[in-house]
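Close look at the chain arrangement
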Amino acid sequence: MARVYISFLGTNDYLECYYCRGAESLTAKPVRFVQEATVRDNCSDWGPGDRIIIFTTKDAEAKNWHNDGHTDKDGNILQRKGLLACLEELNLPVPIANQTIDEGYNEEQVWKIFQEVFKILKQGDEVVFDITHALRSIPVLAMVVLQYAKIMKKVKLGGIYYGAFEALGNITEVRRKPVQDRRAPIVDLTALNGLMDWSIATDRFLESGDVKSAGALAKAGVHSILKETRGKDEAAQIIKRLAGSLKQFNNML
């Protein structure tokens, strides 16, 4: 099983800030790209068998994947380090690559993006999504691809993250702030994927009486709580017993 980090890169001339989980910054210095923070947070112990893949349009590749892709109003090149150079500076033993995709302006292009993302996933991969700079329909597309890959390729979800830079205010306000005061939260959206799993499990129960998936989800949901509390969390124990009862009920059917 390999671990795969997937993100999308936009075309904006991003401002530096600190991306934070709670009160803790994910990087020691301010960064322009949220991927610097989420890669450091999720991929620091990854190896050569894992993969970091950044999806870019041709415009995003030119402006933000490579160095010095932006110009001022007079056409002068602004010295900006691209995302590739920033990720390489992390010195992780993980292969880093970008994959060119269409803009997603019409249905045909959206389906091509779907195919490109699905194609790079392999059987049993564990996937981390950063959807911060995914424009238009791509965040929804990413969720659909993930759900499809979970069924077709037994892919597992490691996490879905969004860097809420807009929480700092509009771009004019952010420019006025000292960089040390720019602290944008990383929003963990992983639970939304769990809700999709519960929706499918509930549908199976209502349509056929099959509660196997619901029981497995209930058991998995309280595993970490019971581990942390050494089995003393009463609510988690009740849910665990319920999961066991659902499994027994399913076997009896």
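For the structure itself, consult the block above.
Here we summarise the structure given alongside this text. (Residues numbered from 1 in each chain as written. Predicted model: local features only at pLDDT ≥ 70, side-chain atom pairs only at ≥ 80, totals over all residues. Heavy atoms only, no water.)

**Some points on the packing of helix α4 (residues 107-120) against helix α5 (residues 138-152)**
Following both chains from N to C, one finds α4 and α5 inclined at 45 degrees, their axes separated by 10 Å at the closest point. Relative to α5, the element α4 lies oblique. Read as a crossing pair, α4 and α5 show a hand that is right-handed. In contact with Val110, Ile113, Phe114, Val117 and Phe118 of α4, α5 contributes Ile138, Leu141, Val144, Val145, Tyr148, Ala149 and Met152. (Axes fitted to C-alpha atoms, helices over the stretch in contact; angles between N-to-C directions. Helix = DSSP H or I, 4+ residues; strand = E, 2+ residues; numbered from the N terminus. Parallel < 35°, antiparallel > 145°, perpendicular 65-115°, else oblique. Left-handed = near helix turned anticlockwise from the far one by under 90°. Contact = heavy atoms within 4.5 Å.)

**Quick look at unusual backbone geometry**
Of note, Lys154 is a non-glycine position whose phi angle comes to about 55 degrees, a positive value. Looking at where Lys154 falls in the secondary structure, it is placed in the loop between α5 and β9 (156-163). Positive phi is not limited to glycine here, since Arg230 has a value of about 55 degrees. Along the chain, the position of Arg230 falls in the loop between α8 (212-229) and α9 (234-252).

**Remarks on the pattern of salt bridges**
This model, assessed by the stated rule, comprises 11 salt bridges. Between Asp13 and Arg80 there is a salt bridge, with the nearest N and O atoms lying 3.0 Å from each other. With Asp13 in the loop between β1 (3-9) and β2 (18-21) and Arg80 in the loop between β6 (77-78) and α3 (83-88), the pair connects residues that are 67 residues apart, well separated along the chain. The exposure class of Asp13 is partly exposed, given its relative accessible area of 26%. What makes Arg80 partly exposed here is its relative accessible area of 26%. One salt bridge connects Asp59 with Lys63, and the closest N-O pair in it is separated by 3.8 Å. Of this pair, Asp59 and Lys63 both sit in helix α2 (residues 58-65), 4 residues apart, which is roughly one turn of the helix. Each of Arg3, Asp45 and Asp50 takes part in a single network of salt bridges with overlapping partners. (Salt bridge = Lys/Arg side-chain N within 4 Å of Asp/Glu carboxyl O. Buried < 20%, exposed > 50% of the residue type's maximum accessible area, 1.4 Å probe, protein only.)

Everything listed here is a matter of geometry and, on its own, says nothing about what the molecule does.
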